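# Architecture at a glance
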Amino acid sequence: MIADARRVAMIKRFIGALCRGGPNGQPRPIEIHAGDPVRYISDMFAWVHQALAMEREFLGGVVMESTGDSRQMPAKREGEEIKSSPVEEKNEKKAMGEAQLIGAVSRVLEGVARPLSVRVEQSLVFQPSITLSYNLLCILEFYYGTLRPLVDPAGSFLKAVKELVSKANSTFGKLIDSQAKQLGNAAAPYTHDLSPPQSIQSMIDQISNLLKIHEASLVPSAEKNHIFVPKLQKIVKAVKESAIASSEGLDGTNKTVFYLNVLCALEMALQTAETQVRSVKNAISTEVKSKLGDLVKSQSDEFLSRAGLLPILRTVNKWKQDGKSKKVRQP
């Protein structure tokens, strides 16, 4: 009964915080920031988190009263020993009280699940930017991880938050797919100075911004990398494929230089301390070294050919190889 009454009061307080704000207009209504999705969603979840702490404090006293004296010690029968020690009894009572507290708090928070979900979903739908979408996903993941130990995992409130995380992840994934497809379908022509075209550079800049958000996120590394790294690999692959398509029409050397410039821009954007993200950067660094080796070899061969030294060099190299083969064959 107490939880139900607190649930109704919680709904009224949440709606009041959204529409009217605090006493004398301070703090200001949360709805004022609806045009700034990051601030809007952060403020709503911060309010819920603070309200949850207050409910735990209030309901904790009620639960302690109900479990403190009402639970009687089991009667001792003749010839039977009570196996549980005083410490075990205390721990058992504490665990029972915590379970009851979590259930009561979850019941109270059920009231805000619906209005919170509706507003967050509206913010997720109208996000054309992949950086903004990922920022919202990180916020939702953080609060889901923060609230998860404090409420009933089977309750409707935590299920609603988990569903919001899933929808945010889906929105982010769709935006990534759309951007990658758009980059592949409309490959920009190569530039005269062989620098990355505007469309490719714009995507590389977005990668850099995504990494800044990723590093600043308070979500545990394993959880955020599980979501982020596969999508990052998809963007990097789209940029590389677009660079190859844009280089059509260039000769061999210029094509390699153009592709190397795109790879180097990617390599610079992927500077990070995150281990799994560094693996993506390391793969690009390896490709850069390989392409540089091919470029140096082709340029040196061209220079030697113009000087008439390439046939001589090949003869010398062949002679060296034959000499090594003879040494190997000697007993």
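For the structure, check the block above.
A brief report on the enclosed structure follows. Model, not experiment: these values are computed from the prediction.

### Observations concerning the overall build of the protein
A count of helical and extended segments in the protein gives ten helices and zero strands. Element order for the protein, N to C, with α for helix and β for strand: α-α-α-α-α-α-α-α-α-α. For the protein, the proportion of its 331 residues judged to be buried stands at 38%. When contacts within the protein are restricted to residue pairs at least 6 apart in sequence, long-range pairs at least 24 apart make up 77% of them. With an accessible surface of roughly 19500 Å², the protein has 56% of that area assigned to carbon and sulfur atoms.

### Section: helix H4 (residues 130–147)
Taking 1.5 Å as the rise per residue, H4 with 18 residues should run 26 Å; its terminal C-alpha atoms sit 26 Å apart, in good agreement. Of all 18 residues that make up H4, 13 are buried, and the element is covered over most of its length.

### Quick word on a nonpolar patch on the surface
Side chains of Leu309, Ile312 and Val316 sit close together on the surface and give an oily, nonpolar patch of about 240 Å² of accessible area. Following the sequence through the fold, Val316 ends up in helix H10 (residues 310–329).

### A look at the pattern of salt bridges
Where charged atoms from two side chains of opposite charge come close, those side chains can pair. Under the counting rule described, the total for this entry stands at ten salt bridges. Arg119 serves as the salt-bridge partner of Glu31, at 2.8 Å between the closest nitrogen and oxygen. Of this pair, Glu31 sits in the loop between helix H1 (2–19) and helix H2 (37–68) while Arg119 is found in helix H3 (residues 86–125), placing the two residues 88 residues apart along the sequence. By relative accessible area, Glu31 is classed as partly exposed at 27%. Salt-bridge contacts for Arg39 lead to Asp43; the nearest nitrogen and oxygen are separated by 2.9 Å. Separated by four residues within a single helix, Arg39 and Asp43 lie in helix H2, roughly one turn from each other. Judged by its relative accessible area of 39%, Arg39 falls in the partly exposed class. Residues joined in a network through salt bridges with shared partners are Asp4, Arg107 and Glu110.

### Side note on the environment of Ala187
When you line up the elements, Ala187 lands in the loop between helix H5 (156–185) and helix H6 (198–216). The exposure class of Ala187 is partly exposed, given its relative accessible area of 34%. In this structure, the C-alpha to C-alpha distance between Ala187 and Ile244, residues 57 residues apart in sequence, is 9.0 Å. For Ala187, the contacting residues outside a window of four places in its chain are Ser242, Ala245 and Ser246.

### Here we look at unusual backbone geometry
Positive phi is not limited to glycine here, since Leu194 has a value of about 65°. Tracing the sequence through the fold places Leu194 in the loop between H5 and H6.

### Considering the packing of H4 against helix H7 (residues 221–246)
With their axes 11 Å apart at the nearest point, H4 and H7 run at an angle of 150° to one another. Taken as axis vectors, H4 and H7 run roughly antiparallel relative to one another. Both H4 and H7 take part in a crossing whose hand is right-handed. Across the interface between the two elements, Tyr134, Leu137 and Glu141 of H4 pack against Glu223, Lys224, Ile227 and Phe228 of H7. Within the contact of H4 with H7, the residues separate by chemical class into four nonpolar, no polar and three charged.

### Considerations on helix H9 (residues 275–306)
The end-to-end C-alpha distance of H9, which contains 32 residues, comes to 46 Å, matching closely the 46 Å that a straight helix rising 1.5 Å per residue would cover. For H9, every residue scored as buried is listed here: Val277, Val280, Lys281, Ile284, Ser285, Glu287, Val288, Leu295 and Leu304.

### Overview of the packing of aromatic side chains
The final tally for this structure, using the stated rule, is five aromatic pairs. On the basis of an interplanar angle of 50° and a centroid distance of 5.3 Å, the ring pair of Phe14 and Trp47 is categorised as tilted. Residue Phe14 is found in helix H1, and its partner Trp47 is found in helix H2; the two are separated by 33 residues along the sequence. The two residues Phe14 and Trp47 agree in class, both being buried. Taken together, the aromatic side chains of Phe45, Phe142 and Tyr143 make up a single cluster linked through ring pairs. Positioned above the aromatic ring of Phe58 is the side chain of Arg6, whose terminal nitrogen or guanidinium carbon lies 4.2 Å from the ring centre.

### Some words on the packing of H6 against H7
Helices that pack against each other are described as a pair by the angle of their axes relative to one another and the distance between those axes. Two elements in contact, H6 and H7, have axes separated by 10 Å at closest approach and are oriented at 165°. Put simply, H6 runs roughly antiparallel to H7. Our pair here, H6 against H7, has a crossing hand that is left-handed. Two secondary-structure elements touch here, H6 through Ile200, Met203, Ile204, Ile207, Leu210, Leu211, His214 and Glu215 and H7 through Lys224, Asn225, Phe228, Leu232, Ile235, Val236, Val239, Ser242, Ala243 and Ser246. A class-by-class count of the residues in the contact of H6 with H7 yields twelve nonpolar, four polar and two charged.

### Considering the side chain of Ser247
Looking at the element boundaries, Ser247 is found in the loop between H7 and helix H8 (252–269). When its relative accessible area of 3% is taken as the criterion, Ser247 is described as buried. There is a polar contact of 2.7 Å between the side chain of Ser247 and the backbone oxygen of Ile244. Aside from chain neighbours lying at most four places away, what touches Ser247 is Lys255 and Phe258.

What counts, and where the lines are drawn
- Residues numbered from 1 in each chain as written.
- Predicted model: local features only at pLDDT ≥ 70, side-chain atom pairs only at ≥ 80, totals over all residues.
- Heavy atoms only, no water.
- Helix = DSSP H or I, 4+ residues; strand = E, 2+ residues; numbered from the N terminus.
- Buried < 20%, exposed > 50% of the residue type's maximum accessible area, 1.4 Å probe, protein only.
- Contact = heavy atoms within 4.5 Å.
- Areas by Shrake-Rupley, 256 points an atom, 1.4 Å probe, with all protein chains shown as cover.
- Expected span 1.5 Å × (residues − 1).
- Patch = residues over 30% accessible without salt bridge, like charges linked within 9 Å, V, L, I, M, F, W, Y side chains within 5 Å.
- Salt bridge = Lys/Arg side-chain N within 4 Å of Asp/Glu carboxyl O.
- Axes fitted to C-alpha atoms, helices over the stretch in contact; angles between N-to-C directions.
- Parallel < 35°, antiparallel > 145°, perpendicular 65-115°, else oblique.
- Left-handed = near helix turned anticlockwise from the far one by under 90°.
- Nonpolar A, V, L, I, M, F, W, Y, C, P; charged D, E, K, R; others polar.
- Phe/Tyr/Trp six-rings, centres within 6.5 Å; stacked < 30°, edge-to-face > 60°.
- Lys NZ or Arg CZ within 6 Å of the ring centre and 35° of its normal.
- Polar contact = N/O pair within 3.5 Å; in protein donor to acceptor, adjacent residues only side chain to side chain.

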